[in-house]
Amino acid sequence: MSSSTAPPLHEALTPLAWLVGTWRGEEGTGDYPTIKDFKYKEEVKFDHVGQPNLEFSFNSSHYETGKPLHREKGFLKIQPGTSHLAMVNTQNVGIVELSEGEVKGQEITLESHTIGRMTFGKDPAVTKIQRTFRLVDPDTLEQVVHMETSATTPAQHHLSIQYKKVA
């Protein structure tokens, strides 16, 4: 929504107001025991329509070519009057993630309790996702992702990126 027509932020979202906007990361890093280390770029947008949830989109691209890669879309919802937060996230690789956690100041921690997967998804299957979002300074947002898979790989670092606020 354009700022001239945007409704006011729902009061339940006040603890998440610092996320609202468009953020761009120019040099994210990814690693995991079952894949080759990589770099990526990503644009993240957190927006609202006046309801008690934030909608988000994550759009990553190849670090060198700009070719579109991973996509995620979903919602963040805070339990009114608490710091308890839920994330509903769909991914273009055929994963649906339901995570819950806490918002404390300008940091969010989430851990999946349910991972849905399409029947013809590529192995190894993701079995757990842990995310941390942290506002480093007013114009810098950091995300760190840990992942666990069915390849008997325990939860460990997968992605790190810092975004700069662009809108």
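Residues numbered from 1 in each chain as written. Predicted model: local features only at pLDDT ≥ 70, side-chain atom pairs only at ≥ 80, totals over all residues. Heavy atoms only, no water.

An unreviewed UniProt entry lists the chain under the name THAP domain-containing protein 4-like isoform X2, with Branchiostoma belcheri as the source organism. Of the chain, the UniProt comment under Catalytic activity (unreviewed entry) reads exactly: "peroxynitrite = nitrate". (UniProt positions renumbered as here; feature names shortened; annotations may be inferred.)

Once that is clear, we can look at the sheet that holds strand E10 (residues 153–165). Sheet architecture is closed into a barrel: 10 strands sit in the order E1-E2-E3-E4-E5-E6-E7-E8-E9-E10, paired in antiparallel fashion. Each adjacent strand pair in this sheet contributes to an overall mean axis angle of 25°, direction not counted. Strand direction decides the pairing type here: strand E7 (residues 107–117) and strand E8 (residues 126–137), joined by 5 bridges, are antiparallel. Looking across to E8, one finds that Glu111 is bridged to Gln130. (Pairing = 2+ DSSP bridges. Helix = DSSP H or I, 4+ residues; strand = E, 2+ residues; numbered from the N terminus. Axes fitted to C-alpha atoms, helices over the stretch in contact; angles between N-to-C directions.)

With that settled, the discussion passes to the packing of aromatic side chains. The geometry of an aromatic ring pair comes down to the distance between the two centres and the angle between the two planes. Scanning all chains against the criterion turns up 6 aromatic pairs. With 6.1 Å between their ring centres and 80° between their planes, Phe46 and Phe58 make a pair best called edge-to-face. Of this pair, Phe46 sits in strand E2 (residues 35–47) while Phe58 sits in strand E3 (residues 53–62), and the two are 12 residues apart along the sequence. You'll find Phe46 and Phe58 in the same group, each marked buried. Each ring, one from Phe56 and one from Phe58, has its centre 5.2 Å from the other, and the planes form 85°; the classification is edge-to-face. Judged by its relative accessible area of 4%, Phe56 falls in the buried class. Among the residues examined, Phe58 registers a relative accessible area of 1% and is labelled buried. Put simply, the rings of Phe46, Phe56, Phe58 and Phe133 pair up and form one aromatic cluster. The ring of Tyr63 carries Lys41 above its face, with NZ or CZ at 6.0 Å from the centroid. (Phe/Tyr/Trp six-rings, centres within 6.5 Å; stacked < 30°, edge-to-face > 60°. Buried < 20%, exposed > 50% of the residue type's maximum accessible area, 1.4 Å probe, protein only. Lys NZ or Arg CZ within 6 Å of the ring centre and 35° of its normal.)

Attention shifts here to the side chain of Thr140. With respect to the helices and strands, the residue Thr140 is situated in strand E9 (residues 140–149). On the basis of relative accessible area, Thr140 is assigned to the buried category, the value being 2%. Among the polar contacts made by the side chain of Thr140, one reaches the side chain of Asp137 at a distance of 3.0 Å. Setting aside residues up to four positions removed in sequence, Thr140 forms contacts with Trp23, Arg134, Leu135, Gln162, Tyr163 and Lys164. (Polar contact = N/O pair within 3.5 Å; in protein donor to acceptor, adjacent residues only side chain to side chain. Contact = heavy atoms within 4.5 Å.)

Here the focus is the environment of Thr127. Relative to the assigned elements, Thr127 resides in strand E8. Classification of Thr127 as partly exposed rests on a relative accessible area of 39%. Leaving out residues up to four positions away in the same chain, Thr127 has contacts with Ser112, Ile115, Glu148, Thr149 and Ser150.

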